[in-house]
Amino acid sequence: GSVFGDWMLAAGRTLALYPEWFAPRRPHASPIVHCGFVMQARREEPESGSLWEFVHRDSPPVVVYPGSGARWSGRFLQQCAAAAAAMKRRALFVTPHLDQCADIVRTAGFFVVNEAPFATLLPHAAAIVHHGGIGTCAASLRSACGQVLLPSALWVTRRSRPLETLMGGSGTVIDTRWLSGASL
């Protein structure tokens, strides 16, 4: 057997893909093993091509990422675009669902890509606005990039509270029910 296989078939056990200090186990919760942040290995990626030309062209952009699985993120993307335009900030939109960015693509100061190497990109960003996924949170913390979390699920909302404290003023959490260009 494998460690993963043993855990996958064990009833009432959970693998936490974050360290215990990030979100300690609750007393009434099922057994949990904290694995630490699961990070993609940093690769030395050349900073060339149109993505990097945009990133380095002017002031650092705000990165907007609704999450790789966020198929219905049009409102999220449009509100972030409205906020960036109102603040006169350049913005880089990262989403595999490019069809939701038709209007954004044509806006000056905005750039849209279907994926980006966060380990390399976030140190060059002014901030990241994202859905609160654990991988994006970890990459943002690792790069010391300011964060705005727009939690899209209850478990992300629970995670965002300790994260907001941990960010110590370099980030904030906005309830998606109140999402607007102004709230961003």
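Along each chain, numbering runs from 1 in the same order as the chain's sequence is written. The predicted origin of the model limits local features to residues at a pLDDT of at least 70 and limits the giving and counting of side-chain atom pairs to 80 or more, whereas totals for whole chains, interfaces and linings rest on all residues. Calculated side-chain values reflect all of the structure's heavy atoms, with hydrogen atoms and water omitted.

(A) Molecular detail of the nonpolar core. If you look at the biggest cluster of nonpolar residues, it comprises 18 residues, and the most contacted ones within it are L51, V63, L92, V94, F118, L121 and L122. Strands here mean DSSP runs of E at least two residues long; helices mean DSSP runs of H or I at least four residues long; both are numbered from the N terminus. Where this core is concerned, the elements lending two or more residues are α2 (50-57), β3 (62-65), β4 (91-94), β5 (110-113) and α5 (118-121). Per-element tally for this core: the top contributor is α2, with four residues. Note on contacts: a residue pair is in contact if any heavy atoms of the two residues lie within 4.5 Å. Those residues in contact with L121 that lie beyond four places of it in its chain are W52, V55, V63, L92 and A116. By nonpolar core we mean a set of buried residues, namely Ala, Val, Leu, Ile, Met, Phe, Trp, Tyr and Cys, connected to one another through side-chain atoms within 4.5 Å. Each residue gets one of three labels from its accessible area relative to the maximum for its type: buried under 20%, exposed over 50%, partly exposed in between, using a 1.4 Å probe on protein chains only. In this structure, V62, F93, V129 and V148 belong to the second largest nonpolar core, which totals 16 residues.

(B) Representation of helix α3 (residues 74-86) within the structure. One less than the number of residues in a helix, times 1.5 Å, gives the span that helix is expected to have. Taking 1.5 Å as the rise per residue, α3 with 13 residues should run 18 Å; its terminal C-alpha atoms sit 18 Å apart, in good agreement. F76, L77, C80, A81, A83 and A84 are the residues of α3 that are buried. Mapping the buried residues of α3 onto a view down its axis gives an arc of 165 degrees, with all of them on the same face. On its buried face, α3 sits against β3, β4, α4 (102-105), β5 and β6 (127-130). K88, located one to two residues past α3, shows a positive phi value of around 55 degrees. This arc is built from the directions going out from the helix axis to the C-beta atoms.

(C) Spatial organisation of the pairing of β4. The alternating pattern of β4 places A91 and F93 and L92 and V94 on opposite faces, both of which are buried. When DSSP finds at least two bridges between two strands, those strands are taken to pair. Sheet topology note: the β3/β4 ladder contains three bridges and is parallel. Across the sheet, the residue bridging to V64 is F93, located in β4. Viewed along the sheet, the connection from β3 through α3 into β4 turns out right-handed. Relative to β5, β4 runs parallel, the two sharing four bridges. Look down the strands so they point away from you; if the path from the first strand over the helix to the second goes clockwise, the crossover is right-handed.

(D) Examining the environment of H97 more closely. Considering the arrangement of structural elements, one finds H97 in the loop between β4 and α4. Overall, H97 belongs to the buried group, its relative accessible area being 14%. Other than its neighbours up to four places away in sequence, H97 contacts S68, G69, A70 and R71.

(E) Spatial organisation of the packing of aromatic side chains. Only Phe, Tyr and Trp rings take part, Trp by its six-membered ring, and two of them pair if their centres are within 6.5 Å. Stacked means planes under 30 degrees apart, edge-to-face means over 60, and tilted covers everything else. Going through the model one piece at a time under the given rule, you end up with three aromatic pairs. Ring geometry for Y65 against F118: centres 5.0 Å apart, planes inclined by 85 degrees, an arrangement best described as edge-to-face. Here the residue Y65 occupies a position in strand β3, and F118 occupies one in helix α5, the gap between them amounting to 53 residues. For the pair formed by Y65 and F118, the shared burial category is buried. Between F93 and F110 the ring centres are 5.3 Å apart and the planes differ by 65 degrees, which places this aromatic pair in the edge-to-face class. Within this pair, whereas F93 is found in strand β4, its partner F110 is found in strand β5, the two being separated by 17 residues in sequence. Its relative accessible area of 0% is what places F93 among the buried residues. Note on F110: relative accessible area 10%, which makes it buried. It is R90 that lies over the ring of F54; its NZ or CZ is 4.4 Å from the centre. Look at NZ for Lys and CZ for Arg. If either is within 6 Å of the ring centre and within 35 degrees of the ring normal, a charge sits over the ring.

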